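Residue-level structure breakdown
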Amino acid sequence: MLRSVLIFPQLNDRFTINRIRQRYDDLYEHIAPHISLVFPFDNELTDETIIQVVADVIKKQQQFKLRLTAVSGDPKNGYVWLVVDQGSKILTELHDALYAEPILIIEKICLISRMSLLHKVYRNYKLNNS
């Protein structure tokens, strides 16, 4: 079964983000705006084991703030995201710490600090109301 490790941040402007996602994101109804710490992986570990490993890593980190500042992405492959400005270093540290866990032996994917906004973008998309 494919699993990921995600952060679901508290957002000041969730309404606007969800309005954009509802219009363009095929996964809008299935997953909230999130930040991926560990990208999808497949292994035989139980959910409880994975949760314990993640909890052990994140409990070392104090609560932190995120600031999302710009829209970026890879529209050709169907991804648009908000770039993390404040908090990027901490996200990278958490990402690296999770990938360093022997129990989560998976292919490491470089982290770009971002919050997923759209997962499938239509070729001629517009992010305005026109």
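Residues numbered from 1 in each chain as written. Predicted model: local features only at pLDDT ≥ 70, side-chain atom pairs only at ≥ 80, totals over all residues. Heavy atoms only, no water.

Remarks on the pattern of salt bridges
Side-chain pairs of opposite charge can arise whenever the charged atoms involved come near each other. Counted by the stated rule, this structure contains five salt bridges. Here Lys59 ties to Asp56 by a salt bridge, and the two come within 3.6 Å at their closest N and O atoms. (Salt bridge = Lys/Arg side-chain N within 4 Å of Asp/Glu carboxyl O.)

Structural notes on the nonpolar core
Val5, Leu37, Val38, Leu91 and Leu98 are the most contacted members of the largest nonpolar core, which has 17 residues in total. Taken together, the elements giving at least two residues each to this core come down to strand E1 (2-7), strand E2 (35-42), helix H2 (47-58) and helix H3 (88-99). If you tally residues by element for this core, the top one is E2, at five residues. Apart from residues lying up to four places away in sequence, Val5 is in contact with Ile35, Ser36, Leu37, Val38, Val54 and Leu98. (Core = buried A, V, L, I, M, F, W, Y, C linked by side-chain atoms within 4.5 Å. Buried < 20%, exposed > 50% of the residue type's maximum accessible area, 1.4 Å probe, protein only. Helix = DSSP H or I, 4+ residues; strand = E, 2+ residues; numbered from the N terminus. Contact = heavy atoms within 4.5 Å.)

Quick look at the pairing of strand E3 (residues 67-74)
Here E3 runs beside strand E4 (residues 79-86); their pairing, made up of seven bridges, is antiparallel. For Arg67, the partnering residue across the bridge sits in E4 and is Gln86. If you look at the hairpin formed by E3 and E4, you'll find four residues sitting between the two strands, and Gly78 has a positive phi there, around 85 degrees. (Pairing = 2+ DSSP bridges.)

So, the environment of Ser4
Inspection of the secondary structure assignment puts Ser4 in strand E1. A sequence separation of 38 residues divides Ser4 from Asp42, and the C-alpha atoms of the two residues are 9.0 Å apart. With residues up to four places along the chain from it excluded, the contact list for Ser4 reads Val38, Phe39, Pro40 and Phe41.

Quick notes on the pairing of E2
Of all the eight residues making up E2, six are buried; the element is thus mostly covered by neighbouring parts of the structure. Sheet analysis places E1 next to E2, joined by five bridges and oriented antiparallel. Bridged to Arg3 within E2 is Phe41.

Quick look at H2
Here H2 contains 12 residues, and its C-alpha end-to-end distance of 16 Å stays within 8% of the 16 Å for a straight helix at 1.5 Å per residue. Three or more residues of H2 are buried, namely Ile50, Val53, Val54 and Val57. Along the axis of H2, the buried positions cluster into a sector of 95 degrees, meaning they face one direction only. Across from the buried face of H2, at angles greater than 90 degrees, the exposed residues are Glu48 and Ile51. Looking at the buried side of H2, the elements it contacts are E1, E2 and H3. (Expected span 1.5 Å × (residues − 1). Arc of directions from axis to C-beta.)

Observations concerning the side chain of Asn43
Assignment of secondary structure puts Asn43 in the loop between E2 and H2. Asn43 gets classed as buried once you look at its relative accessible area, which sits at 17%. Engagement of the side chain of Asn43 in a polar contact is seen with the backbone nitrogen of Leu45, the distance being 3.1 Å. Excluding residues that lie within four positions of it along the chain, Asn43 makes contacts with Met1, Arg3, Ile50 and Ile103. (Polar contact = N/O pair within 3.5 Å; in protein donor to acceptor, adjacent residues only side chain to side chain.)

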